[in-house]
Structures are given as structure tokens and as C-alpha cells.
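Coordinate analysis (summary)
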Amino acid sequence: MAMEKIKRIIPYAVVMLISIFFWVLACRFGCETRAGNLGPDFWPKLLLGLTMVVCLYEIAKTALFYRGNALKNDAGEEKAAAEAPKRYTGLLIIGALMTVAYVYFVTILGFILCTFLFLVLFMIVGRYRKVWVIAANSVIGTVLFVVIFMKVVYVSLPLGQGPFQQFSLLVLKLLGIK
Amino acid sequence: MYDILSHLGVGFLNCFQPINLIFLVVGIIVGLLVGVLPGLTLVMGVVLALPCTYGMDVTPAIVLLTAMYVSGTYGGAPTSILFRIPGEPIHVPLLWDGYTMARKGQAAKALGWTICAALVGGLISAVIMVTLSEPVAKFALTFSTPEYFAIVLFGLTSVVSLGGGSLTNAFISLFFGLLIASVGVDATYGTPRFAFGSPILMDGIEFLTVMVGAYGVGEVLTRLGEGFTTVPVETVGSMKTKMPTFKESWMIKSTFLRSSIIGTIIGIVPGAGATIASFVTYGVESQYGKRKAEMGTGIPEGIVAPQTAATSSVGGALIPLLTLGIPGSGATAVILGAFLLHGIQPGPQVFITSADMVYTVFASLFLGIILMCIIGYFAIKPLVKILDFPESIVSTFIMLLCFVGAFSIRNSISDLWLMVAFGVVGYLFEKMKFPIAPMVLGTILGPLAESSFMTTMISFQNDWTIFFRRPISGIIMVLTIIALVLPLLKKFHEIRHTKQAT
């Protein structure tokens, strides 16, 4: 019961601490305003103050009045756990890391190569196993994105560095994009 | 009225220009596909289409996004009725009567009723939109900063109170969104706020980055955590559509009319969108309809009410967007983003400066609704086939669109990092049951809320009672308070009811 209460309180306590941190930052904005006028810190402080009040309310409500599901039968909990959809935490972590890796490597490898690799790997991480479909989708997808965004919409997507830049330029030349 | 009709006539002519017509058809088809795919929400679809509009003129860009928005409210209907798979939360009420009707062997008829409902609801709301927009815009020209602040505040509180779920979580999400909007150089004093010396943060955080991250990346990560498990699709013998006769439709004319009006009104209320409209009208039909006792047993009223309201909410949501520059829903927030990206600020002035463009958008809504119904009638089989497409492939391309979308806003890798961060925030919000919509609307409306509040305070010597003393802002502030208090009273009533029962 106590554990359940703490579990419920933790997110609000974290939000509260973050709000306090930003409140302290807001105190250091340092802008001289005319006497009686609201400064640039007023609006953020108002929002942070309201966030803290809401968090305090939720923490107090949970600490004082939360009865929890402890009194509900354990069988019900077991049933709910059995019915819960299967979780794929490993896949989620890999997917999140790949997302971060894409953003990191896109300036080094360039959009074309990085996108092709991302498409291949993300489909595999997403438990898709038809190799030819993955290959076809990745190649066609990359070419389509490059043509649409670099030739039609004129977005200046990253070309990469060093040899990767040469590779990107070669592909663009083959696609007829100057 | 003559002016409005002549402008609308010009709008129709503009709509038939090849470029506008092509993007109208593309928008309708893509919107239908978005509506069908369970992993892709309507708002996400519109967000992901936004980068494709960067190189376009403003009119085809808005026509494309509006067409996607309107057809997205219908796209998931066939899959809800045939396979019990609602592509969007909007179509959940269709499961109760639509799917039941299909199980009774009347799938073709049920599909016909949804098309009929989307057509009638969409056209009625489009007429209301055209009739109301210009007078509202003219009236809005008299608004000053207190009125604008009151309207924005009303919009933000509506999101919180109508969103359902935990009120405290919705408030935290909203304040977080407003705080994100305050990052960067302050518009009044020029002071950098929460920028940590980063040049990109000095320019502020683009709301599109927040939207793409929270709706796109966050949702894909959530689905990946569930292993991209798609519900297997049953085989259905016939996928034909049988339209109801005029006599059959006339018999439930009150359901059509009631749902269209409720849907349009809900669309106008900032924060409430097609989903709320479809649930509310189903509830109204269950309580006050002629055949309320038979609701849920597979009757046309149970299909017509939610579908009519869902489609009619689009016309309603476009009214505050175009006349006040305030988005009424997530999808209209993206359309607002498209306007801003093309250097146009929606609001009362837009009816004077860009009347042609506004009326072309209006006309495109009429044409779009008719086209959507025609395509929906003939293309039911290929549309439903989309469900067979593997979710992992669709999600991979969604991620890619998110990357390109976030990067293209300012051609900056820093925006990509911000997008990833908001993707994580979106995922955590989803896990901890914090609603995303208030955060996103807070980010969009934050600058307007702050600037109108600060300007009012400076102009009226920090007298906050001014918001209540001016007639229009006073009325809106009272409505805001009602919107805030009502859910609390409802909750209090529920607790009392539960206590009495036990």
C-alpha cells in the first residue's frame, strides 16, 4: 500500500523538483523593468507556480486519501496482469537508441546513407523479416524521400562529411538532382 | 450575403485549377488511408504531410491539409464496421451499431449510412462555416488584447476539461506546453529565457517540433514497445456499399440535423474535436433519440449520429482558426502552422487581405466532402486492403517523415534533437497517462496567451479585473470558469453517487 502510494507520488514529486529548478532559473533572468510593471519572469513563474500547486495537490491527495487497490482482490490483479498486452522493452530501447543514433550520424553519413540504414534496421527491429521487402522498401523509400524533399520541396538535407559526402553527391547526380 | 456567395463562386473556380484539384484529390486519398491505418492518427497524418507543403503555394497547401483532415474523419469507418478495427478513436462509436449491423448481414447498408452521414454532416457544417465566418471575422475586428486573452484561456481550459481522464495531469501537461512556448527571447522585453546560451533555443521552440516529436515519434515508440502487433483482419465476403434510399434517410432527418449542429458547435469550441463530437452525439441519440431503446442493436441512427458529427466538426473547427487565428483541434493547429510557414496569420484580417485564398479553402471543403464520399463509395476494397500492410514498415516511414519534418522547419539538426526529446516526453506522457493534446495546444497558443496577457497588463496598469469588466472578455471568462468548474462538479457528483450506492 505504502509502495503504491510512493509510486503514484514519484512523478508529481519529479515534476515539482523540475519546476523548482526552473523557478530558480527564472529568478536570474535579470531584466530591469519600470516599477510596477510585470517583468519577463512573471509569465514563466506564474506557470511554474501553478504547476507546483497542482503537484502539491496531487501529492497531498495521494498521501492523505488514496486507499489504493490493495483491498481489491488479488485475483483481479493477477487476471489483469495476464490480460495485459505483451511488452517488448528490449525493442523499445533499441528503437529509441536507433532514433538517437540517426540524429547523431545524419550529419556524418549524410541523409541518403543514414536513411537507408535506418529504414533497413528499424524494420528489422520492428520484427519484420522479409528480406527482399525490406531491401526494396529501403531503396525505394530513400530515393523517394530524396527526390520529393531535395528536388521538389527544396529542403537542403545533410550530405555528410568526407567520403560520405562524395557518395551523397554521386547518388544525387545519378538522380539528376543538382 | 451576396458578397459571400460571389467570393464562394470565385473559390469554386479556383478549386478547379489543376494544381488545387490535384492536391484536393491527393489530400482526400491520403486522409482516407490515414483514417484506415490504426497506427497513424489523423493529427499525426496531417503533421507528417506538413513538410511536403513547404515548397507549395499557400492555397494548395491548405487545400491538401484540409482535405486530409476532412477525409480522415471518414477513413476509419469502413474498417470499424467490417472488421471491428477503428482506425481512429472517432470511429469507436461506430462499433456499437455499425459492426452489429454488419454482423446481421447488412454490412453494405451500414457502409452506405456512413457515407450518407459524412456527406450530409459535412455539407451542413460547410454551409454554417461559410455563413458564420465573415460576420464572426468582422466582429473579431473589434477585439482587443483582453478579449484575445480570454478566448485563448477559454480554449486552453476547454482542452483540459473536455479531454477526459485526470484533470491534474491535463493541467500539468498544459502548463508544460505553455512553458515550452516561453523558451527563447521574450517578445516584450527582449530577455532570453531558459535558452542556456543555445542559439536555437534563443529563437524559441517551434510548436511543430513538439507536435512531430510527441505525436509522431512518441506514438511509434509506444507501438514498438507493444511489438507492432496488428490485429489480424477477418475475411469479409462482400465489400459493397448500398446507399440508403431518400425515404429511409428522410425518416431519420432529425438525427442528421441534430448531429450536424452538435458536431459543428463542438468543432467550434477550441480543444474539442471530432472524437468528442462523435461520442457526444452518440450519447445524445441514446438519451433523446426516437429509437433510444434500440441503440447498440445495429440501427442506422447509431451510425448516422457519430459519423455526421465527426465530419461536421471539421467545418466548425475551421471557423475559430480562420476568423480568430485560434485552432480548435490538433489538426487545425497543424493547418495554422502551415499558414504561418507561408507567412499568413489567420484572423479577421485574412478575410480582407486574402479573401480569395480563404474562399478557395471553403469551396475545397464542399468539393472535398463530395469527392471523399465518391472515393469512399467506389474504393472500399483497396482502402480496406491497406490494413494488410505491415505496421513495422508504416512506422519506419512515419519516423522518417518525423525526421524530415522536424529538420525542414529551420534546416537545423538541433531541431532534430529537440524532436527526439519531445518524442521521449510524448512516450512518457503516454505511459504515465498525461494527455498530450493540452501540451501541444499550450505550445501553440502560449505566445498569443502571454503577449495578450502582458500587453493588457501594461495597457491597463496591472488591473487584472479588466478581463471581467469588459463585456465580451467578461462573458468568455465566465464561460472559462464554468468549463473549469463543471468537470469538478461532475466528479463530486460521481463520488457522492458511488458512496450512496455502497
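This is a predicted model, so every value here is computed, not measured.

This part covers the overall build of chain A. Within chain A, the regular secondary structure consists of seven helices and zero strands. Each helix and strand of chain A, ordered N terminal to C terminal, gives the series α-α-α-α-α-α-α. Evaluated residue by residue, chain A yields a buried proportion of 26% over its 178 residues.

For chain B, the count of helices and strands is 23 helices and two strands. Relative to the compact-globule value of 23 Å for 502 residues, chain B shows a C-alpha radius of gyration of 22 Å, a close match. Within the span of chain B, comprising 502 residues, buried residues form 59% of the whole. For chain B, long-range pairs separated by at least 24 residues make up 80% of all intrachain contacts whose partners lie at least 6 apart in sequence.

The interface of chain A with chain B comprises 51 residues on the first partner and 47 residues on the second. Ranked by the residues each element gives to the side of chain A that touches chain B, the list is headed by helix H4 (residues 89–109) of chain A, at ten residues. Partitioning the side of chain A that touches chain B into residue classes produces 33 nonpolar, 14 polar and four charged.

The next subject is the confidence of the model for chain A. Predicted confidence across chain A gives a mean pLDDT of 86, with 88% of residues reaching 70 or more. For chain A, helix H3 (residues 74–83) of chain A is the element with the lowest average pLDDT, namely 57, and helix H5 (residues 111–125) of chain A is the one with the highest, namely 94.

This brings us to the environment of B:Val92. Tracing the sequence through the fold places B:Val92 in helix H6 (residues 92–140). A C-alpha to C-alpha distance of 21 Å links B:Val92 and B:Val160, two positions 68 residues apart in sequence.

The next point concerns the nonpolar core. In this structure, B:Val46, B:Val47, B:Leu65, B:Met211, B:Val334 and B:Val440 are the most contacted members of the largest nonpolar core, which totals 201 residues. The biggest single contributor to this core is H6(B), with 21 residues. Lining this core are residues from two domains, each supplying at least three of them: domain 1 (2–83) and domain 2 (89–174) of chain A. In this structure B:Val46 touches B:Leu65, B:Met68, B:Tyr69, B:Ala331 and B:Val334, once residues within four positions along its chain are discounted.

With that settled, the discussion passes to the environment of B:Pro86. Residue and element names in this part refer to chain B. When you line up the elements, Pro 86 lands in the loop between helix H5 (77–83) and H6. Considering only alpha carbons, one finds Pro 86 and Thr 323, 237 residues apart in sequence, at a separation of 33 Å. Look past the residues within four positions of Pro 86 in its chain and what remains in contact with it is Gly 76, Ser 80, His 91, Val 92, Leu 94 and Leu 95.

This part takes up the packing of helix H2 (residues 18–36) of chain B against helix H4 (residues 58–75) of chain B. Residues and elements named next belong to chain B. In the contact formed by H2 and H4, the axes pass within 7 Å of each other and the chain directions differ by 30 degrees. As H2 runs across H4, the sense of the crossing is right-handed. Grouping the constituent residues of the contact of H2 with H4 by class yields 19 nonpolar, eight polar and no charged.

Here the focus is the packing of helix H13 (residues 274–288) of chain B against helix H14 (residues 300–324) of chain B. All names here are of chain B. Contact geometry for H13 and H14: axes closest at 8 Å, N-to-C directions at 145 degrees. In terms of crossing hand, the pair formed by H13 and H14 is right-handed. For the pair H13 and H14, the contacting residues are Ala 274, Ala 277, Ser 278, Thr 281, Tyr 282 and Glu 285 in the first and Glu 301, Gly 302, Ala 305, Pro 306, Ala 309, Ala 310 and Ser 313 in the second. Residue composition of the contact of H13 with H14, by class: seven nonpolar, four polar and two charged.

Residue and element names in this part refer to chain B. One non-glycine residue, Phe 196, lies in the positive phi region at around 50 degrees. Its place among the elements puts Phe 196 in the loop between strand E2 (192–193) and helix H9 (199–202). Residue Phe 196 is classed as exposed on the basis of its 9 C-beta neighbours within 10 Å.

On to the environment of B:Gly197. Residues and elements named next belong to chain B. The topology assignment puts Gly 197 in the loop between E2 and H9. Judged by local crowding, Gly 197 falls into the exposed class, with 7 C-beta atoms found within 10 Å. In the structure, Gly 197 is positioned 114 residues away from Thr 311 in sequence and 46 Å away in space, judged by C-alpha atoms.

Let's shift gears to helix H1 (residues 2–27) of chain A. In this model, H1(A) (26 residues) spans 36 Å end to end at C-alpha, consistent with the 38 Å of a helix rising 1.5 Å per residue. Of all the bends in H1(A), the greatest, near 35 degrees, is centred on A:Ile10, and the proline A:Pro11 appears no more than four residues after it. Taken together, the buried residues of H1(A) touch helix H2 (42–65) of chain A together with helix H8 (167–181) of chain B.

Residue and element names in this part refer to chain B. Here helix H10 (residues 207–225) spans 26 Å end to end across 19 residues, near enough to the 27 Å set by a 1.5 Å rise per residue. Burial runs high along H10: 18 of the 19 residues are buried. In the segment just after H10, Gly 227 is the residue with positive phi, at about 80 degrees.

What counts as what
- Residues numbered from 1 in each chain as written.
- Chains lettered and ligands numbered in written order.
- Predicted model: local features only at pLDDT ≥ 70, side-chain atom pairs only at ≥ 80, totals over all residues.
- Helix = DSSP H or I, 4+ residues; strand = E, 2+ residues; numbered from the N terminus.
- Buried ≥ 20, exposed ≤ 12 C-beta atoms within 10 Å, placed from the backbone.
- Rg over C-alpha atoms; globule rule 2.2 N^0.38 Å.
- Contact = placed C-beta atoms within 7 Å.
- Nonpolar A, V, L, I, M, F, W, Y, C, P; charged D, E, K, R; others polar.
- pLDDT = per-residue confidence, 0-100.
- Core = buried A, V, L, I, M, F, W, Y, C linked by C-beta atoms within 7 Å.
- Domains from an automatic or database assignment.
- Axes fitted to C-alpha atoms, helices over the stretch in contact; angles between N-to-C directions.
- Left-handed = near helix turned anticlockwise from the far one by under 90°.
- Expected span 1.5 Å × (residues − 1).
- Bend = angle between axes of the 7 residues up to and from the residue.

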